[in-house]
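Here is how the chains run, residue by residue.
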Amino acid sequence: GISNPRLFAVSDRPESNEPSNNQASASAAELVLDTIGNGHADANAVDYFKFQVKKGQRIVAECVAKAIDSRMDPVLILQDATGREMDRIRRGGVLDYTASADGQLVLKVHDFLYRGGADYFYRLSIGTRPHIDFVSPPSGKPGTKSQFTLYGRNFPGGTPSEFKLHGKALDKLAVEIELPANLAMEEAASFDFVAKPSDAPVEGFAYRLRAPEGVSNPVLISYATAPIILEQPSNDTPGTAQRVSLPCEYVGQFYPRNDRDWITFEAKKGEVYWVEVLSHRLGIATDPFVVIQRVSKNAKGEEQVSDVQELSDLATNIGGPEFNTATRDLEGRLEIKEDGTYRLQLRDLFNYAESDPRLVYRLALRKEAPDFRLVALPQPPPPINRDKKEALPWTPFLRKGETIAIKVLAYRRDNFNGDIQLSLEGLPPGVHFSAAKIEAGKSSATILVTADEKAARWVGAIQVLGKARIGSSEIVRQAREGSIVWTIPDYNNEPVPSRIEGGLMLAVSDKEAAPISISAVENKLWETSLAGKLQIPIKVLRRGDFSDAVKLKPAGIPPVDPMKEIDVNSKTNETMLTLDLTQLKIPVGTHTIHLQAQTKGKYRKLAPDEIKAADAALKAADDAAKQADKETADLAAAAKKSAEALAAAKKAAEEAEAQVRTANEKLASAKTAAEKTSSNDDLASAKSAAEKEASDAAVRAKSMTEAKAAAEKAFQEASAKAKEAEAKKDLAVKRAKEAKQMVDRGQPKDLNLTALSVPIQIKVTAAPITLSLESDAASLTPGAKAEIPVKITRLYGFSDPVNLSLVVPKELAGVKAATVTIEKDKTEAKLVLETTIDAKPGQHRCTLQASLKLNQQDLKVEQPISVKIAATSTQK
């Protein structure tokens with residue numbers, strides 16, 4: 001299959017991993033400036049890093065965690081070499097320090113709540129590279145080259161700005177940036193930072209400043225929807241409101257604290273604008289609020305002000321607790337009721353404690369432009385316990401014969417309320433999807449994806465497309481993918497971390513089939529009418545050890561939610577899905593439904609061929625381990641004998657060397673005695689005997705030395721072979737253990753299973769008949785009669801009588817038609833129109849109505865018919 005997605009960072013600087021012993025100041029890890037240190041926080045512990053600085057260097061330290069899918073909430077504490085605290089930053093952000101002298105500094109890193117573990121990883125950056133805190137304006141028109149001002153630290157060629165952040169002065173640098181023109185390429189791409197569910201409709205790109213010290217952090221530049229107007233500093237009171245012309249995009253800052261920005265504009269009755277503020281969705285902790293007023297003057301020339309509209313949070317959440325799309329940004333429709341002057345106040349409800357120049361905003365006052373954006377959310381199988389509030393990371397994976405669901409959310413914009421047709425592109429052969437649409441007025445729908453029995457193994461990217469008609473144009477939008485970052489056992493107690501991804505992946509298995517597959521016996525469009533009863537034969541295909549009873553719950557559209565489960569016992573593979581439309585309020589139209597299946601059985605993680613291979617591997621590994629064990633024992637015995645032989649050879653060599661020493665000593669004594677007197681034959685004979693003994697001892701010692709060397713060589717070879725055999729044995733035991741684990745994986749495990757059926761398409765018509773006329777118009781003169789032949793087509797086995805009548809508009813007098821009945825099993829009748837002599841001449845729109853009863857419910861089918869009455873000579 002394929003895993004859930006994870007963010008991966010690529011930098012332009014050297015990287016290192018923290019050592020395991022850097023949790024004390026004395027063992028702080030050395031980190032070179034302008035490099036990256038990768039680490040993770042341990043519970044109830046602090047990581048220490050030391051680095052060298054030079055006087056005057058502006059050091060920026062940043063600990064990246066949330067942006068790489070970490071659970072960590074970092075705290076940074078800067079100390080000098082004596083342990084004195086110089087600065088600290090809590091819960092993200094950057095630590096900014098200018099060195100007052102050459103020397104060593106120490107940086108402490110830990111989680112805000114001292115949590116830790118494998119999920120609490122981080123990337124620590126310490127250095128002099130540029131850091132961008134914000135950019136003004138925060139947006140630009142696509143396809144243009146525009147001037148922007150960067151605000152931050154360590155800008156090459158930068159100059160001091162008028163802003164400070166947490167007491168630290170910010171630099172500024174003017175740059176020219178060319179914005180991409182091809183929005184279609186950008187819409188489905190992920191930002192170079194974490195995008196929240198609410199950020200999905202925000203289009204933009206990541207900008208980085210390049211410098212000799214390295215590339216800066218990314219900053220979002222979003223795409224403007226109207227001409228940009230920059231905030232002027234004197235707009236803080238109603239009397240100094242900045243005058244703008246609509247449409248426009250007004251950009252500024254909630255700065256200083258408690259800032260109120262005012263603009264004024266002229267508008268005419270009937271004009272419609274959409275007012276939208278983007279700030280929280282730009283990754284900024286703000287809560288924008290807007291008040292719109294109409295300004296007029298009374299007869300005395302005194303200013304009269306009346307509030308027109310207030311706008312605050314877009315609190316609607318279309319993604320549920322697993323993908324919360326609510327935002328503190330705002331949006332609303334402004335319809336001008338009177339010509340005149342209007343004034344707008346914009347402020348941040350959070351901005352009361354500290355002046356923060358990073359709090360930028362975009363205030364869009366644009367013409368109404370209906371549109372939409374999409375996000376696709378892969379869905380895990382339905383939970384066994386439907387009350388369970390677990391949120392799971394999930395990536396689409398299909399076994400043969402399996403069906404999975406992809407939920408698609410629609411972010412509707414500027415009053416767009418139409419249908420959105422959904423489709424999938426990029427699917428491999430053997431994988432199919434159900435037709436689906438997000439209906440008018442709704443915000444989501446589900447696409448069902450099925451792999452057939454012959455689907456091949458495949459992994460790749462797929463695209464969810466949405467198509468809608470807006471005015472005279474057909475709009476196509478590609479969905480971005482949404483993902484849950486971490487498993488949350490109960491989302492009632494803990495918010496679910498979720499974000500936007502760069503693309504949607506799908507994996508298909510060719511080895512494993514779904515434990516059960518459920519489908520209609522026939523793959524066709526199943527039809528009935530209102531008040532009808534539709535019976536759909538269902539088949540259940542069980543595989544492997546899933547032979548237990550199955551519960552089937554209809555799902556897919558709200559009207560079938562109240563239906564009871566269908567029990568399929570273990571002795572049958574067929575059942576009947578009955579849709580009784582006298583009870584189910586399924587509307588006219590084509591719908592996709594499915595069945596949620598629940599059963600239990602024994603599940604094997606390996607396919608049969610893999611189990612067979614694992615068994616063979618285990619047998620081979622066991623045999624190899626036994627052989628290795630025998631070889632090890634034999635070679636160990638040989639090594640032991642070799643060691644004993646070596647010991648004997650060493651002893652013999654030592655004894656021979658001792659005999660050589662003794663013989664040499666005797667020879668020396670004999671030589672000394674012989675030299676004192678040359679006439680003594682006994683002494684000469686003793687000398688000769690001593691020389692022979694010394695010679696024999698030397699020969700024997702040489703032989704014993706050679707034997708010792710041979711024994712040592714044999715011992716070394718035997719020891720090496722024994723050591724090699726021991727390693728071979730360890731490897732054989734390890735492989736046998738791995739093979740055993742593989743075999744264990746192949747053993748059946750008890751599993752409660754939920755699954756989805758192949759989608760079932762149903763069509764509901766207004767009645768079990770259709771009407772047809774030879775002509776949809778009738779002409780007659782006042783006082784005359786005319787026959788209208790009517791035919792019906794009977795559907796779904798309906799054979800009962802049908803009553804035909806003519807409905808005329810209230811203003812049309814003098815025209816009538818007696819009700820006629822098409823008898824049971826008949827299909828034709830004639831409706832007779834009669835007019836009085838004073839019938840009103842002209843072309844009149846009437847309605848032919850067919851009435852019938854189906855399952856004790858009244859149904860009607862109507863068809864328009866034009867009745868033309870000629871004028872009499874008197875009327876002329």
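The rules we used
- Residues numbered from 1 in each chain as written.
- Predicted model: local features only at pLDDT ≥ 70, side-chain atom pairs only at ≥ 80, totals over all residues.
- Heavy atoms only, no water.
- Helix = DSSP H or I, 4+ residues; strand = E, 2+ residues; numbered from the N terminus.
- Rg over C-alpha atoms; globule rule 2.2 N^0.38 Å.
- Buried < 20%, exposed > 50% of the residue type's maximum accessible area, 1.4 Å probe, protein only.
- Contact = heavy atoms within 4.5 Å.
- Areas by Shrake-Rupley, 256 points an atom, 1.4 Å probe, with all protein chains shown as cover.
- Pairing = 2+ DSSP bridges.
- Axes fitted to C-alpha atoms, helices over the stretch in contact; angles between N-to-C directions.
- Salt bridge = Lys/Arg side-chain N within 4 Å of Asp/Glu carboxyl O.
- Parallel < 35°, antiparallel > 145°, perpendicular 65-115°, else oblique.
- Left-handed = near helix turned anticlockwise from the far one by under 90°.
- Nonpolar A, V, L, I, M, F, W, Y, C, P; charged D, E, K, R; others polar.
- Expected span 1.5 Å × (residues − 1).
- Core = buried A, V, L, I, M, F, W, Y, C linked by side-chain atoms within 4.5 Å.
- pLDDT = per-residue confidence, 0-100.
- Polar contact = N/O pair within 3.5 Å; in protein donor to acceptor, adjacent residues only side chain to side chain.

1. Re the overall build of the protein chain
Now for step 1: Within the protein chain one finds 3 helices and 60 strands.
Now for step 2: Compactness check: the protein chain gives a C-alpha radius of gyration of 44 Å against a globular reference of 29 Å for 876 residues, more than 25% above the reference.
Now for step 3: With respect to the three principal axes, the spread of C-alpha positions in the protein chain is 190 × 85 × 40 Å.
Now for step 4: Counting all 876 residues of the protein chain, 45% fall into the buried class.
Now for step 5: Taking all contacts inside the protein chain whose residues are at least 6 apart in sequence as the whole, residues at least 24 apart take part in 71%.
Now for step 6: Working note: accessible area of the protein chain is about 44,100 Å², and carbon and sulfur atoms make up 50% of it.

2. Focus: the sheet that holds strand β8 (residues 94-98)
Backbone-to-backbone hydrogen bonds join strands into a sheet, with any given pair of strands oriented parallel or antiparallel.
Now for step 1: Strand order in the open sheet formed by 5 strands is β1-β3-β10-β5-β8, and the pairing between neighbours is mixed. This sheet does not close on itself; its edge strands, each paired only once, are β1 (15-17) and β8. Taken over all neighbouring pairs, the strand axes of this sheet differ in orientation by 20° on average, direction set aside.
Now for step 2: With 3 bridges connecting them, β1 and strand β3 (residues 35-40) associate as parallel partners. Each bridged residue has a counterpart across the sheet, and for asparagine 17 the counterpart in β3 is asparagine 38.

3. Thoughts on unusual backbone geometry
Now for step 1: For the peptide bond that leads from serine 136 to proline 137, omega is -5°, which places it in the cis range.
Now for step 2: Residue position: proline 137 is located in the loop between β11 (131-136) and β12 (139-140).
Now for step 3: Along the chain, tyrosine 255 connects to proline 256 via a cis peptide bond; the corresponding omega equals -5°.
Now for step 4: Following the sequence through the fold, proline 256 ends up in the loop between β22 (248-253) and β23 (260-267).
Now for step 5: With phi around 70°, asparagine 415 is a residue other than glycine that occupies positive phi space.

4. Points about the pattern of salt bridges
When charged atoms on two side chains of opposite charge get close, those side chains can pair.
Now for step 1: Inspection of the entire model under this criterion finds 50 salt bridges.
Now for step 2: A salt bridge links aspartate 87 to lysine 168; the nearest nitrogen and oxygen atoms lie 2.9 Å apart. Of this pair, aspartate 87 sits in strand β7 (residues 85-90) while lysine 168 sits in strand β15 (residues 168-178), and the two are 81 residues apart along the sequence.
Now for step 3: The partner of glutamate 331 in a salt bridge is arginine 366, and the shortest N-O contact between them spans 3.8 Å. With a gap of 35 residues between them, glutamate 331 in strand β28 (residues 327-335) and arginine 366 in strand β30 (residues 360-367) connect regions that are remote in the sequence.

5. With respect to the pairing of strand β14 (residues 159-165)
Now for step 1: Pairing analysis gives 4 bridges linking β14 to β15, with the strands arranged antiparallel. Across the sheet, residue proline 160 finds its bridge partner in β15, namely aspartate 171.
Now for step 2: Between β14 and β15, which pair antiparallel one after the other, the connecting turn spans 2 residues, and histidine 166 there sits at a positive phi close to 50°.

6. Some details on the packing of helix α2 (residues 608-676) against helix α3 (residues 681-745)
Now for step 1: Orientation of α2 relative to α3, taken along the N-to-C sense of each, is 165°, at an axis distance of 4 Å. Judged by the inter-axis angle, α2 sits roughly antiparallel to α3. For the element pair α2 and α3, the recorded crossing hand is left-handed.
Now for step 2: In the contact of α2 with α3, the residues fall into 45 nonpolar, 6 polar and 20 charged.

7. Some points on α3
Now for step 1: Here α3 is 65 residues long and its end C-alpha atoms lie 94 Å apart, about the 96 Å a rise of 1.5 Å per residue gives.
Now for step 2: Of the surrounding elements, those touching the buried residues of α3 are α2.

8. Some points on the side chain of serine 529
Now for step 1: Here serine 529 is to be found in strand β44 (residues 525-529).
Now for step 2: What makes serine 529 buried here is its relative accessible area of 1%.
Now for step 3: In this structure, serine 529 is in contact with Leu581, Val764, Thr765, Ala766, Ala767, Pro768, Tyr796, Leu854 and Leu859, ignoring residues within four places of it in sequence.

9. What about the sheet that holds strand β58 (residues 828-835)?
Now for step 1: Read across the sheet, 4 strands follow the order β52-β54-β58-β56 without closing on themselves; strand pairing throughout is antiparallel. One side of each edge strand has no neighbouring strand; the edge strands of this open sheet are β52 (769-773) and β56 (815-817). The average angle at which neighbouring strand axes cross in this sheet is 30°, direction not considered.
Now for step 2: Note: strand β54 (residues 785-794) against β58, 7 bridges, orientation antiparallel. Of the residues in β58, the one forming a bridge with glutamate 787 is valine 832.

10. Some words on the nonpolar core
Now for step 1: If you look at the biggest cluster of nonpolar residues, it comprises 35 residues, and the most contacted ones within it are Phe265, Val275, Val290, Leu344, Leu346, Leu363 and Leu365.
Now for step 2: Every element with two or more residues in this core is listed here: β14, β22, β23, β24 (272-278), β25 (288-297), β28, β29 (340-348) and β30.
Now for step 3: Apart from the residues within four sequence positions on either side, leucine 344 is in contact with Asp261, Trp262, Ile263, Phe265, Val275, Val290, Val291, Ile292, Leu363 and Leu365.
Now for step 4: By size, the runner-up hydrophobic cluster in this structure holds 34 residues, among which are Val790, Val802, Leu833 and Leu859.

11. Structural notes on the pairing of strand β51 (residues 760-765)
Now for step 1: Looking at chain direction, β44 and β51 are connected through 5 bridges and run parallel. Across the sheet, residue threonine 528 finds its bridge partner in β51, namely valine 764.
Now for step 2: Here strand β49 (residues 589-603) runs beside β51; their pairing, made up of 5 bridges, is antiparallel. By the bridge assignment for β51, threonine 592 is matched with glutamine 761.

12. As for the confidence of the model for the protein chain
Now for step 1: With 98% of its residues at a pLDDT of 70 or more, the protein chain shows a mean pLDDT of 91.
Now for step 2: Note on residues 184-190: pLDDT under 50 across the span, and 17 contacts to partners over four residues away in sequence or across chains.

13. Considering the side chain of arginine 499
Now for step 1: Summarising the element assignment, arginine 499 is placed in strand β41 (residues 498-501).
Now for step 2: Of the polar contacts made by the side chain of arginine 499, one reaches the side chain of glutamate 501; its length is 2.6 Å.
Now for step 3: Apart from residues no more than four positions distant in its own chain, arginine 499 is found in contact with Pro5, Arg6, Leu7, Asp69, Val194, Ala195, Pro197, Phe323, Glu481, Gly482, Ser483 and Val485.

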